[in-house]
Amino acid sequence: MNNTHPVSNTIGVISCPMVNANIQPFVNLIKICDKNADGIFVIITLDRKLSNIIIPNVKTNKHAKIIHKSGKSIFFRIIGYFLTQLKMSYYILFFSKSKKIWIFYLDNYLLLPMLVLKILKKNTFIILGGYLEKEIEFHGNYLDKLSNLFLAKLNFYLCDYIVIYSIRLVSLWNLTKYRNKILIAHEHFLDFNTFTVTTPYY
């Protein structure tokens, strides 16, 4: 298990195409990065349904917002993801000179941005929010599952570090082969105004 990581005062953060449930944890991550970095650039990627949402705490930082458009067919989904990742890669190239570390928030098979960063010799972190195989079971058809699993595991191979929130998840999420890249984030944020015993979870 790797307990050390490179030190840098400049950070880039790139999100997967987020839905509403991803927003608050993303905001918490930005707050942490803001406190620990002299410079930060954020690439916010949102599902088309959330195109008008304003992400708090990043409006004063340097950031770019990308609206991800996903089609109904496999072909248009592939085109949509390619165009989204092309835009991400453009912003990475434009702002990467001073950013030594790039954090992938809930990596969603973002292979093209990862390849660009590795070519630029940047340090890359992937923050995982769930068990990959279980997530893929609930999305898409068989072809989607195979392609997404392949892309995600390729990103695991390419990245420098994988961040999870418990050491028990290394074996539970089949990450043993990457254990030398694993970092454990022990602290968690809970919004008790949202998560209460009387508030149903959707």
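In this text, all values refer to a predicted model and were calculated from it rather than measured experimentally.

Engineer: What should I look at first to understand the overall build of the chain in this one?
Structural biologist: Across its full length, the chain carries 6 helices and 7 strands. Helices and strands appear in the chain in the N-to-C order β-α-β-β-α-β-α-β-α-α-β-α-β. Split into buried and exposed, the 202 residues of the chain put 43% on the buried side. If you take every contact in the chain between residues at least 6 apart in sequence, the share linking residues at least 24 apart comes to 58%. Entry remark: accessible area of the chain is about 12,300 Å², with carbon and sulfur atoms responsible for 61%.

Engineer: Would you mind going over the environment of I14 with me for this structure?
Structural biologist: One can find I14 in strand β1 (residues 10-15). Along the chain, I14 and P113 lie 99 residues apart, while their C-alpha atoms are 9.1 Å from each other. Here I14 is in contact with I43, M88, I92, W102, I103, F104, Y105 and P113, once residues within four sequence places are set aside.

Engineer: Where do I start with the pairing of β1 in this structure?
Structural biologist: Each regular strand carries side chains that alternate between the two faces of the sheet. Burial runs high along β1: 6 of the 6 residues are buried. A two-sided burial pattern is seen for β1, the buried positions comprising T10, G12 and I14 on one face and I11, V13 and S15 on the other. As for the winding sense of the linkage, the β-α-β connection from β1 through helix α1 (residues 23-36) to strand β2 (residues 39-47) is right-handed. Where β1 and strand β4 (residues 101-105) come together, 5 bridges link them in parallel fashion. Looking at β4, one finds that I14 is bridged to F104.

Engineer: I would appreciate a short explanation of a nonpolar patch on the surface in the present structure.
Structural biologist: Together, F75, F76, I79, F82, L83 and L86 make up an exposed nonpolar region whose accessible area comes to about 600 Å². Along the polypeptide, I79 turns up in helix α2 (residues 74-95). I79 sits in the partly exposed class, given a relative accessible area of 35%.

Engineer: Whenever I open this one, the sheet that holds β2 confuses me. Can you help?
Structural biologist: Note: strands within a sheet are paired through backbone hydrogen bonds, in either parallel or antiparallel orientation. If you trace the 7 strands from one edge of the open sheet to the other, you get β3-β2-β1-β4-β5-β6-β7, paired in parallel fashion. Looking at strand neighbours, the two that pair on one side only are β3 (62-68) and β7 (182-184), the edges of this open sheet. Within the sheet, the average angular offset between the axes of one strand and its neighbour, ignoring direction, is 20 degrees. Bridge count for strand β6 (residues 161-164) against β7 is 3 bridges, and the pairing is parallel. By the bridge assignment, V163 is partnered in β7 with L183. In the packing of α1 onto the sheet, contacts are made with β1, β2, β4 and β5 (123-127), and the angle to β2 comes to roughly 170 degrees.

Engineer: Teacher, can you tell me more about the side chain of T84 here?
Structural biologist: Take T84: it is sitting in helix α2. What T84 contacts, discounting residues up to four positions off in sequence, is T45, I66, H68 and K69.

Engineer: Teacher, can you tell me more about the environment of L106 here?
Structural biologist: Locating L106 in the fold gives a position in the loop between β4 and α3 (111-119). Excluding residues that lie within four positions of it along the chain, L106 makes contacts with C16, N22, I127, L128 and G129.

Conventions we followed
- Residues numbered from 1 in each chain as written.
- Predicted model: local features only at pLDDT ≥ 70, side-chain atom pairs only at ≥ 80, totals over all residues.
- Heavy atoms only, no water.
- Helix = DSSP H or I, 4+ residues; strand = E, 2+ residues; numbered from the N terminus.
- Buried < 20%, exposed > 50% of the residue type's maximum accessible area, 1.4 Å probe, protein only.
- Contact = heavy atoms within 4.5 Å.
- Areas by Shrake-Rupley, 256 points an atom, 1.4 Å probe, with all protein chains shown as cover.
- Right-handed = clockwise from strand over helix to strand, strands pointing away.
- Pairing = 2+ DSSP bridges.
- Patch = residues over 30% accessible without salt bridge, like charges linked within 9 Å, V, L, I, M, F, W, Y side chains within 5 Å.
- Salt bridge = Lys/Arg side-chain N within 4 Å of Asp/Glu carboxyl O.
- Axes fitted to C-alpha atoms, helices over the stretch in contact; angles between N-to-C directions.

These results come straight from atomic positions and should not be treated as a statement about function.
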